[in-house]
Amino acid sequence: MGALVYRRVLLKLSGEALGEDGRGLDPRVLERLAAEIHGLISAGGQVGLVIGGGNLFRGANLAAAGMGRVTGDRMGMLGTVMNALAMADFLSRAGAPAGVMSAFPVGTFTTPFDSPRAVEWLEQGRVAIFSGGTGNPFFTTDSAAALRAVEIGADLLIKATKVDGVYSADPLTHPDAEFYPHLSYDRALREGLGVMDAAALVLCRDHDLPLRVTDINQPGGLLRLLRGEALGSLVDRGREQ
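Throughout this document, residue positions are counted from 1 along each chain, in the order its sequence is written. Since the coordinates come from a predicted model, pLDDT governs what is reported: local features require at least 70, and pairs of side-chain atoms require 80 or more to be given and counted, while whole-chain, interface and lining totals use all residues. The side-chain quantities take in all heavy atoms of the structure and omit both hydrogens and water.

K.L.:
Just checking my understanding: could you explain the packing of helix 1 (residues 27-42) against helix 3 (residues 69-93) for this structure?
P.N.:
When two helices pack together, their arrangement is captured by the angle between the axes and the distance separating the axes. All axes here are fitted lines through C-alpha atoms, helices being fitted over the stretch that makes contact, and every angle between N-to-C directions spans 0 to 180 degrees. Segments assigned H or I by DSSP are reported as helices when at least four residues long, segments assigned E as strands when at least two residues long, and all are numbered from the N terminus. Closest axis-to-axis distance for the helix 1/helix 3 pair is 9 Å, and the angle between their directions is 60°. Taken together, the axis directions place helix 1 and helix 3 in an arrangement best described as oblique. Here helix 1 runs over helix 3; the crossing is right-handed. Taken together, the residues of helix 3 that come into contact with helix 1 (itself represented by Pro27, Leu30, Glu31, Leu33, Ala34 and Ile37) are Ala86, Met87, Phe90 and Leu91. Ten residues, namely Ala, Val, Leu, Ile, Met, Phe, Trp, Tyr, Cys and Pro, are considered nonpolar, four, namely Asp, Glu, Lys and Arg, are considered charged, and the remaining ones, Gly among them, are considered polar. A per-class count over the contact of helix 1 with helix 3 returns 9 nonpolar, no polar and 1 charged. The labels follow the angle: roughly parallel below 35 degrees, roughly antiparallel above 145, roughly perpendicular from 65 to 115, and oblique for the rest. By definition, any crossing whose near helix is turned counterclockwise from its far helix by less than a right angle is left-handed, and any crossing with a clockwise turn is right-handed. What makes two residues a contact is simply this: any of their non-hydrogen atoms within 4.5 Å.

Below, the structure written as structure tokens:
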């Protein structure tokens, strides 16, 4: 089966990955993702999870349509709570106990974020889902994912997307785009490759947290990553290949 190279990971999912055509929530997708994450727990992994809210609300888009950016971002943060609650339900159905923490008070629906308690959940075999972003407008869920990964002492940050790694341009619109199997934080920042936003990359770099960008639709891919397989693109301090 293979031993785990990375035991504690933070998985960042886009909200668009949860719905059909990037919108809403698709129970079939939630069921599949829950089964994948359950497999990580069964193998001895510890999983923190951050999910975006773009399938429900995207602050930048709302602002472009005339809504105040702060209001739009707050709606987006509430969207991440809704996605987190849905994922926790499907994880529980799959046999993986999960709890939801939020960066801001949400009544009795969630638990306020607390890093020692989150680590305790992880060590108990519970998936810790971190919702509400950072709790502040103007910060993306990429930044929240990097922040929570550092706070829980993750061995690896996984950004699961609809493409199989980092390219010099969008491979969906530029078929000749160059694939980068390995690059440094500084190169990703310097060339604006869209791996994550700048704040997230700087946080990863400053805390020497490796980042793996991979395709969420590859069956069994997450477990293979925890076992050290070189899927997707690795972003760290190393030299580019």
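K.L.:
Any chance you could explain the packing of aromatic side chains here in plain terms?
P.N.:
Working definition: an aromatic ring pair is given by the centre-to-centre distance plus the angle between the planes. Centre distance within 6.5 Å is the pairing criterion for rings of Phe, Tyr and Trp, where only the six-membered ring of Trp is used; planes under 30 degrees apart are then read as stacked, over 60 as edge-to-face, and the remainder as tilted. Applying the stated criterion across every chain, the model contains 2 aromatic pairs. For the pair Phe113 and Phe130, a centre-to-centre distance of 5.6 Å together with 80° between the ring planes defines the contact as edge-to-face. Here Phe113 is found in the loop between strand 4 (111-112) and helix 4 (115-123), whereas its partner Phe130 is found in strand 5 (residues 127-131), with 17 residues between them in sequence. Judged by its relative accessible area of 22%, Phe113 is partly exposed. Note on classification: 1.4 Å probe, protein chains only; a residue is buried when its accessible area is under 20% of the maximum for its type, exposed when over 50%, partly exposed between these limits.

K.L.:
Help me understand the side chain of Thr110, please; the structure alone is not making it clear to me.
P.N.:
You can see Thr110 is positioned in the loop between strand 3 (98-102) and strand 4. Judged by relative accessible area, Thr110 falls into the buried class, the value being 9%. Leave out the neighbours within four places in its chain, and Thr110 touches Val81, Leu85, Val100, Met101 and Ser102.

K.L.:
In this structure, what is going on with the sheet that holds strand 5? I would like to understand it.
P.N.:
The pairing of strands in a sheet comes from backbone hydrogen bonds and takes either a parallel or an antiparallel form. Strand pairing is defined by DSSP finding a minimum of two bridges between the two strands. Taking strand neighbours across the sheet as the criterion, the 9 strands line up as 4-3-5-2-1-6-10-11-9 in an open arrangement whose pairing is mixed. Looking at which strands have only one partner, the edges of the open sheet turn out to be strand 4 and strand 9 (182-184). Bridge count between strand 3 and strand 4: 2 bridges; the pairing is parallel. Bridging from a neighbouring strand, Met101 pairs with Thr111 of strand 4.

K.L.:
Just checking my understanding: could you explain unusual backbone geometry for this structure?
P.N.:
Where the residue is not glycine, phi is negative for most of them; where a peptide bond is considered, it is trans in most cases. Even without being a glycine, Phe138 presents a positive backbone phi close to 75°. Structurally, the position occupied by Phe138 is in the loop between strand 5 and helix 5 (141-151). At Asp208, a residue that is not glycine, the phi angle is positive and equals roughly 50°. Structurally, Asp208 is set in the loop between helix 7 (198-206) and strand 10 (211-215). The partly exposed category is assigned to Asp208, whose relative accessible area is 46%.

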